[in-house]
Each structure stands twice: as structure tokens, then as C-alpha cells.
Amino acid sequence: MESIVIEKVWITDSAVWVRTVEGKEACEKFSDFTRLKYATQEERSNFTLSKDGIHWNDIDEDLSFEGFFANKKTNTLYNLFIAHPELNASAIARRLGISQSLFAQYISGTKTPSAKRMEDILESIRSVGRELASLHVA
């Protein structure tokens, strides 16, 4: 693979960004990496660069520049849980009566639920929303 030459690296509140010498930009969201997700802004800002990637010594995390530009597989459940961190995947799995491990595999894309199972999952999440929307606080 052709070597990626990085011109600039910068940190925002939610991601680390890179720009190549050709002007291509890409980011990796902190929410996709547990150590970065829970790191302080100071820890996130304390990184070193190599020709291949970024290293955060304080939290023992590495990201390769190649990974910033790789095609990433996503799926409906992954996108849903990333967009709505207030949802609790373990609680949804319990509501559905399926193992938390299997549900995590559906979210990660390791396993694909059947069309019927997917509709059951989405209906369970909608049901939670309806229940919350119908609450009346005295």
C-alpha cells in the first residue's frame, strides 16, 4: 500500500483529525475507542506521531494513519447506538430475551440478525421511546 504522509493532526471535542499532504482529511471518533472515549482532553492532547500513526502513551492507545482512510463497515444497529448513547444495549437485549453477547455481536456487525429479529429489535427500541414519551410527572 502507498505510504500516507500526514501534514497535520488536530483534536476536537469528539474526534482526532488528520490531513494528508494531498489535502485529504479524515477523522476517528473518540466514541469508537474506549480508551480515547474516557480519556480527559489533556490525555487526548498528549500524543506523539510516527510515520505510521498516532500514539497516546498515557492511555496506551495507537491509531494508524491507514485506519483513518480505510472503508469502515457500519450497520443500522451500530449507527443507532452511536447516535443515541443514552440507549442501553444490555437492557434492550434483556427486554428481547436474547443474550447480551449475541446482541453485542449484532451491534458490532460480527453477526447479522434475521429480518424478523431486526424488526423485533427496532420495535423494542421504539417501545422504550413510546413508554418514555407517555410518562406523566406529577
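Every value quoted in this text rests on a predicted model; they were computed, and no experiment measured them.

Procedures and definitions
Residues numbered from 1 in each chain as written. Predicted model: local features only at pLDDT ≥ 70, side-chain atom pairs only at ≥ 80, totals over all residues. Heavy atoms only, no water. Core = buried A, V, L, I, M, F, W, Y, C linked by side-chain atoms within 4.5 Å. Buried < 20%, exposed > 50% of the residue type's maximum accessible area, 1.4 Å probe, protein only. Helix = DSSP H or I, 4+ residues; strand = E, 2+ residues; numbered from the N terminus. Contact = heavy atoms within 4.5 Å. Salt bridge = Lys/Arg side-chain N within 4 Å of Asp/Glu carboxyl O.

A few words on the nonpolar core. By size, the foremost hydrophobic cluster in this structure holds 14 residues, and its most contacted members are Val9, Val16, Val18, Ile54, Trp56 and Phe68. Elements represented by at least two residues in this core include exactly β1 (6–11), β2 (15–20), β5 (53–56) and α3 (65–69). In this structure, Phe81, Ile92, Ile98 and Met118 belong to the second largest nonpolar core, which totals 13 residues.

Turning our eyes to something else, we now look at the environment of Lys111. Looking at where Lys111 falls in the secondary structure, it is placed in the loop between α6 (100–108) and α7 (115–133). Note on Lys111: relative accessible area 43%, which makes it partly exposed. Leave out the neighbours within four places in its chain, and Lys111 touches Leu102, Gln105 and Tyr106.

A few words now on the pattern of salt bridges. Going through the model one piece at a time under the given rule, you end up with 8 salt bridges. For Glu25, the salt bridge goes to Arg19, with nearest N and O atoms at 2.7 Å. Given the relative accessible area of 42%, Glu25 is considered partly exposed.

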